[in-house]
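A structural walkthrough
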Amino acid sequence: MAYEKKIPIDLDCPLRLTMSLIESKWKSCILDELRSGKEMRPSEIHRLLPEATPRVLDMQMKEMVADGLISKTVYAELPPHAEYRITDLGKSLLPIIDLMLKWGEEHFEIFEKKYGRN
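Rules and cut-offs
Residues numbered from 1 in each chain as written. Predicted model: local features only at pLDDT ≥ 70, side-chain atom pairs only at ≥ 80, totals over all residues. Heavy atoms only, no water. Axes fitted to C-alpha atoms, helices over the stretch in contact; angles between N-to-C directions. Helix = DSSP H or I, 4+ residues; strand = E, 2+ residues; numbered from the N terminus. Parallel < 35°, antiparallel > 145°, perpendicular 65-115°, else oblique. Contact = heavy atoms within 4.5 Å. Nonpolar A, V, L, I, M, F, W, Y, C, P; charged D, E, K, R; others polar. Buried < 20%, exposed > 50% of the residue type's maximum accessible area, 1.4 Å probe, protein only. Pairing = 2+ DSSP bridges. Salt bridge = Lys/Arg side-chain N within 4 Å of Asp/Glu carboxyl O. Core = buried A, V, L, I, M, F, W, Y, C linked by side-chain atoms within 4.5 Å.

What follows covers the packing of helix α6 (residues 94-106) against helix α7 (residues 108-115). Two elements in contact, α6 and α7, have axes separated by 4 Å at closest approach and are oriented at 65°. Accordingly, the angle class assigned to the pair α6 and α7 is roughly perpendicular. Contact residues: Trp103, Gly104, Glu105 and Glu106 in α6; Phe108, Glu109, Ile110 and Phe111 in α7. Tallied by class, the residues present in the contact of α6 with α7 amount to four nonpolar, one polar and three charged.

Right, here's the structure in full:
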């Protein structure tokens, strides 16, 4: 059974529309990892984001394919495997992600205070 949002998306709010595509914890990270345009297997993405469970990453990648942010190619060979690649639509979100990365670097002290240093 697929997750269904309880609050409808406000089609009159461009901010909410954009956030609906990248609002989950890992979608921006997935796009960032795929930014080179190189195809990656799910296991490669899982290794790059070890804090996320494979199940959550797989669900979010499935949503991203449905939204057109990434594409999935399934190779029918033994053993079968799949690879993901960022689409042009996904690439169009990279400037937003770059600004988020820059902001996080510029305000690192906020996170250091909140979470401490590991």
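Right, let's get into the side chain of Ser28. Mapping Ser28 onto the fold places it in helix α2 (residues 27-34). Residue classification places Ser28 among the buried positions, given a relative accessible area of 11%. Those residues in contact with Ser28, other than ones at most four positions away along the chain, are Ile22, Ile97 and Met100.

Within strand β2 (residues 81-86), five of the six residues are buried, leaving the element largely enclosed by the surrounding structure. Hairpin remark: strand β1 (residues 70-75) followed by β2, antiparallel, with five residues in the connecting loop.

With that out of the way, let us pick up the environment of Lys25. Relative to the helices and strands, Lys25 resides in the loop between α1 (14-22) and α2. With 42 residues separating them in the primary sequence, Lys25 and Asp67 have C-alpha atoms 16 Å apart.

As a further point, take the pairing of β1. In the sheet, β1 pairs with β2 via six bridges, with the strands oriented antiparallel. By the bridge assignment for β2, Tyr75 is matched with His81.

What follows covers the pattern of salt bridges. Taken as a whole and judged by the stated rule, the model has six salt bridges. Two residues, Glu63 and Lys27, come together in a salt bridge whose shortest N-O distance is 2.7 Å. Note that Glu63 is positioned in helix α4 (residues 54-67) and Lys27 in helix α2, a separation of 36 residues in sequence. Residue classification places Glu63 among the partly exposed residues on the basis of a relative accessible area of 33%. Residue classification places Lys27 among the buried positions, given a relative accessible area of 3%.

Turning our attention to the environment of Tyr75. Position of Tyr75 among the secondary structure elements: in strand β1. Distance in space between the C-alpha atoms of Tyr75 and Leu15 is 37 Å, their sequence separation being 60 residues. Setting aside chain neighbours within four positions, we find Tyr75 in contact with Glu39, Pro80, His81 and Glu83.

Now for the nonpolar core. If you look at the biggest cluster of nonpolar residues, it comprises 19 residues, and the most contacted ones within it are Ile30, Leu31, Leu34, Ile45, Leu57, Met61 and Ile70. Looking at this core, the elements that each hand over two or more residues are α2, α4, β2 and α6.

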